[in-house]
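Fold and geometry: a report
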Amino acid sequence: PTADAIAPPPRPQAPPAVDDFVGRADDLAYFGDILRTKHFAVITGMAGMGKTTLAARLARDFAGAASRIFWYEFHEPLDVDAVIVQLAGFLYYQERPGLWEMLESARQRGTRTPQSDVLFNYVFQELRGLGCLLCLDDFHRVDESSPLIKTFVERLATVVHAGDVSLILIARRVPDFVQTVQFRAL
């Protein structure tokens, strides 16, 4: 199919709305400072502590426009393919439509898409220099021992450390790969 025949993706998921946000000024300042200087904030704590609400408020304050925020909530241990499709849709609305068009064209023709590691190359190439904010919620549901997740995280770390994008990771516990970043539990 031609690019004209490919339907645009659904609009990316926005961060949850935060109407009544009381307190947490210290947490917002702490995580905001880390995000501005290190481009990577890890928000951890038990269920019901307000991690997602804090992250959503931090994301909106940090990025300004919701259109500059990629928000993804993990549901399954190996959600990498779903993340790629959602990132492709997000990139489409950042005026980088190539990955979405490739995936949708393959789907329409009934052909296989490239393997995940090849798709990672496309995703992370497109993220370079974008300056957006990625928010990965419920990361504790991810199977960190999966080779796909390890590769995804390694590639993601490269663009975050380069300052091409910023990342908020929300989880009940600190993921194993987080070693040198400052964090504090809620």
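I will try to describe carefully the structure that is included in this document. Sequence order as written defines the numbering, with residues in each chain counted from 1. Confidence filtering applies because this is a predicted model: local features only for residues at pLDDT of at least 70, side-chain atom pairs given and counted only at 80 or more, and all residues used for totals across whole chains, interfaces and linings. Side-chain numbers here rest on the full set of heavy atoms in the structure, without hydrogens or water.

Attention shifts here to the overall build of the protein chain. Summing up its helical and strand segments, the protein chain has six helices and five strands in all. Each helix and strand of the protein chain, ordered N terminal to C terminal, gives the series α-β-α-β-α-α-α-β-α-β-β. Pairs of residues are marked as contacts when any of their non-hydrogen atoms sit within 4.5 Å. A separation of at least 24 residues holds for 77% of the contacts in the protein chain among residues at least 6 apart in sequence. For helices the rule is a DSSP run of H or I covering at least 4 residues; for strands it is a run of E covering at least 2, with both sets numbered from the N terminus onward.

Attention now moves to helix H3 (residues 80-92). What a helix should span is 1.5 Å times the count of its residues minus one. Counted at 1.5 Å a residue, the expected span for H3 with its 13 residues is 18 Å, and the 18 Å between its end C-alpha atoms agrees. We call a residue buried when its accessible area falls under 20% of the maximum for its residue type, exposed when it is over 50%, and partly exposed in between, using a 1.4 Å probe and counting protein chains only. For H3, the complete set of buried residues consists of Val 80, Val 83, Ile 84, Leu 87, Ala 88, Gly 89, Phe 90 and Leu 91.

Each nonpolar core is a collection of buried residues, namely Ala, Val, Leu, Ile, Met, Phe, Trp, Tyr and Cys, held together in the definition by side-chain atoms within 4.5 Å. If you look at the biggest cluster of nonpolar residues, it comprises 38 residues, and the most contacted ones within it are Phe 124, Leu 127, Leu 134, Leu 136, Phe 139, Phe 152 and Leu 156. Put simply, the parts of the chain that give this core at least two residues each are strand S1 (40-44), strand S2 (69-73), H3, helix H4 (98-109), helix H5 (116-127), strand S3 (133-137), helix H6 (147-161) and strand S4 (166-171). Residue contacts for Leu 134: discarding those within four places in its chain leaves Phe 70, Leu 87, Leu 127, Leu 156, Val 165, Ser 166, Leu 167 and Ile 168. In terms of nonpolar packing, the next biggest core, distinct from the first, is built from 17 residues, Phe 31, Leu 35, Ala 41 and Ile 69 among them.

Once that is clear, we can look at helix H2 (residues 51-63). Residue pairs spaced three or four apart in an α-helix point in one direction, given the helix's 3.6 residues per turn. Between its first and last C-alpha, H2 extends 18 Å over 13 residues, near the 18 Å set by a 1.5 Å rise per residue. Among the residues of H2, Lys 51, Leu 54, Ala 55, Ala 56, Leu 58 and Ala 59 are the ones counted as buried. Of the surrounding secondary structure, the elements contacted by the buried residues of H2 are helix H1 (25-38), S1, S2, S3 and S4. Count one or two residues on from H2 and you reach Gly 64, which has phi positive near 80 degrees.

What follows deals with the environment of Asp 143. Mapped onto the elements of the fold, Asp 143 is located in the loop between S3 and H6. When the C-alpha atoms of Asp 143 and Tyr 122 are compared, they prove to be 23 Å apart, with 21 residues separating the residues in sequence.

Packing of H3 against H5 leaves a shortest axis separation of 11 Å and a crossing angle of 30 degrees. Judged by the sense of rotation from one axis to the other, the crossing of H3 with H5 is left-handed. Facing H3, whose interface residues are Val 80, Asp 81, Ile 84, Leu 87 and Leu 91, H5 presents Ser 116, Leu 119, Phe 120, Val 123, Glu 126 and Leu 127. Classification convention: Asp, Glu, Lys, Arg as charged; Ala, Val, Leu, Ile, Met, Phe, Trp, Tyr, Cys, Pro as nonpolar; all other residues, Gly among them, as polar. For the contact of H3 with H5, a count of residues per class yields eight nonpolar, one polar and two charged. Lines are fitted to the C-alpha atoms to define the axes, a helix being fitted only along its stretch in contact, and any angle between axes, read from their N-to-C directions, falls within 0 to 180 degrees. The handedness criterion is simple: a crossing whose near helix is rotated anticlockwise from the far helix by less than a right angle is left-handed, and one whose near helix is rotated clockwise is right-handed.

What follows covers the environment of Val 174. Mapped onto the secondary structure, Val 174 falls in the loop between S4 and strand S5 (183-185). By relative accessible area, Val 174 is classed as partly exposed at 23%. Residues Val 174 and Ala 17, spaced 157 residues apart in sequence, show a C-alpha to C-alpha distance of 25 Å.

For this document, the term salt bridge refers to a Lys or Arg side-chain nitrogen within 4 Å of an Asp or Glu carboxyl oxygen. Using the criterion set out here, one finds four salt bridges in the structure. A salt bridge links Glu 104 to Arg 107; its shortest N-O distance comes to 2.5 Å. Linking Glu 104 with Arg 107, this pair stays in helix H4, spanning three residues, or about one helical turn. Since its relative accessible area comes to 9%, Glu 104 is described here as buried. Taking relative accessible area as the criterion, Arg 107 reaches 54% and is therefore assigned exposed.

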